[in-house]
Amino acid sequence: MAKKATAPKKAAKPVAKVAAKKPAAPVKKAPPAKPAAKATKAAPAKAAAPAKPAKAAAKADPVSKPALMTKKGSEKASEALNPKDQGDLLIEKAKEEMANINAAKVAAEKNAKIKPIKIERGNAADEKAKWQELFKRHGKDKAAAYKMTDSFDALKPLQHKVLGWGFVLSNENNRLEVLFENGIKMLISNYKAS
């Protein structure tokens with residue numbers, strides 16, 4: 001019988017060495033379990049549902065939405081409205097609020113416009129009478145202490161160290177025209193020393 005020629009056999013590598021050369025895959029730990037939601041009187045706890053895809057879960061499991069108040073004060077469940085209608089409703093409410101705010105600003109501006117006070121200049125009796133009238137009307141208001149470096153608004157009370165209580169009639173180019181008990185005086189405001 002003739003012997004068959006066989007290829008020399010290679011030594012088999014031990015399995016342990018092959019396994020040792022490959023780095024072991026990191027073992028992933030399961031995240032800790034979330035604590036169960038506390039059951040409330042209004043909503044009993046639901047049984048755990050099988051995992052669903054995110055889109056299917058959002059459609060199948062509606063989230064309770066807060067109720068909207070209508071103008072009459074009755075509650076209207078927002079679940080009946082689709083998201084587009086809810087957005088339109090919010091936009092309409094925001095427009096109404098902005099219209100109310102703008103109307104309030106216009107009304108405030110109209111009330112803030114005070115007619116300039118007319119005084120006959122050089123007539124001491126008229127100046128004194130106007131000062132008394134303004135003191136009765138605005139004397140209880142807090143009068144700003146006069147300093148040359150401060151700026152002052154027209155038609156506001158002013159307290160001067162020497163001249164006493166006065167009322168600013170006008171403020172043009174940082175020159176105050178102030179009515180004091182003993183007459184109209186010109187004062188400087190917003191002065192900057194150089």
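Cut-offs used in this document
Residues numbered from 1 in each chain as written. Predicted model: local features only at pLDDT ≥ 70, side-chain atom pairs only at ≥ 80, totals over all residues. Heavy atoms only, no water. Helix = DSSP H or I, 4+ residues; strand = E, 2+ residues; numbered from the N terminus. Buried < 20%, exposed > 50% of the residue type's maximum accessible area, 1.4 Å probe, protein only. Contact = heavy atoms within 4.5 Å. Areas by Shrake-Rupley, 256 points an atom, 1.4 Å probe, with all protein chains shown as cover. Salt bridge = Lys/Arg side-chain N within 4 Å of Asp/Glu carboxyl O. Pairing = 2+ DSSP bridges. Axes fitted to C-alpha atoms, helices over the stretch in contact; angles between N-to-C directions. pLDDT = per-residue confidence, 0-100. Phe/Tyr/Trp six-rings, centres within 6.5 Å; stacked < 30°, edge-to-face > 60°. Core = buried A, V, L, I, M, F, W, Y, C linked by side-chain atoms within 4.5 Å.

K.L.:
Please give an account of the overall build of the protein that cites residues and values.
P.N.:
For the protein, the count of helices and strands is four helices and seven strands. Beginning at the N terminus, the succession of helices and strands in the protein can be written as α-α-β-β-α-α-β-β-β-β-β. Buried residues in the protein amount to 14% of all 194 residues. Restricting to contacts in the protein with at least 6 residues of sequence separation, those with at least 24 account for 29%. Surface exposure of the protein reaches about 17200 Å², of which carbon and sulfur atoms provide 59%.

K.L.:
Break down the pattern of salt bridges for me, citing the residues and quoting the values.
P.N.:
One pass over the structure, following the stated rule, counts three salt bridges. A salt bridge links Lys128 to Glu181, with the shortest nitrogen-to-oxygen separation between them at 3.1 Å. One end of the pair, Lys128, is in helix α4 (residues 124-138); the other, Glu181, is in the loop between β6 (175-180) and β7 (183-188), and 53 residues separate them in sequence. Judged by relative accessible area, which is 32%, Lys128 ranks as partly exposed. Glu181 gets classed as partly exposed once you look at its relative accessible area, which sits at 39%. For the salt bridge of Glu133 with Lys130, the shortest nitrogen-to-oxygen distance reads 4.0 Å. Remark: Lys130 and Glu133 occur in helix α4; sequence separation between them is three residues, near one turn of the helix. Among the charged side chains, a network of salt bridges with common partners joins Lys130, Glu133 and Arg137.

K.L.:
So what's going on with the sheet that holds strand β5 (residues 164-172)? Residues and values would help.
P.N.:
Overall, mixed pairing links the five strands, which are arranged β3-β4-β5-β6-β7 in an open sheet. One side of each edge strand has no neighbouring strand; the edge strands of this open sheet are β3 (144-145) and β7. Two strands pair when backbone bridges link them, and strand β4 (residues 157-160) and β5 are joined in this way by four bridges, in the antiparallel orientation. Of the residues in β5, the one forming a bridge with Pro157 is Phe167. α4 rests against β4, β5, β6 and β7 of the sheet, and its axis sits at about 100° to β5.

K.L.:
How would you explain unusual backbone geometry if you had to name every residue and give the values?
P.N.:
The backbone of Leu155 shows a phi angle near 65°, a positive value even though the residue is not glycine. Here Leu155 is to be found in the loop between β3 and β4.

K.L.:
Explain the confidence of the model for the protein to me, using residue names and the numbers behind them.
P.N.:
Summarising the model, the protein shows a mean pLDDT of 74, and 54% of its residues fall at 70 or more. Per-element averaging of pLDDT across the protein places helix α2 (residues 54-60) at the bottom with 48 and β4 at the top with 95.

K.L.:
Give a description of the packing of aromatic side chains that names residues and reports values.
P.N.:
For the structure shown, the criterion picks out five aromatic pairs. Measuring from centroid to centroid gives 5.0 Å for Phe135 and Trp165, while their planes differ by 80°, and the two rings are edge-to-face. Note that Phe135 is positioned in helix α4 and Trp165 in strand β5, a separation of 30 residues in sequence. In this structure Phe135 comes out as partly exposed when scored by relative accessible area, which is 37%. Ring-pair connections join several aromatic residues into one group, and the members of that group are Trp131, Phe135, Trp165 and Phe167.

K.L.:
Before we move on, can you summarise the nonpolar core with the specific residues and values?
P.N.:
Grouped together as the largest cluster of nonpolar side chains are eight residues: Tyr146, Phe152, Leu158, Val168, Leu176, Val178, Phe180 and Leu187. Among the elements that line this core, the one with the most residues is β6, at three residues. Contact partners of Leu158, with chain neighbours within four places excluded, come to Ala143, Ala144, Ala145, Tyr146, Phe152, Gly164, Trp165, Gly166, Val168, Val178 and Leu187. Within the second largest apolar cluster, seven residues are counted, among which are Ile119, Leu134, Leu169 and Leu179.

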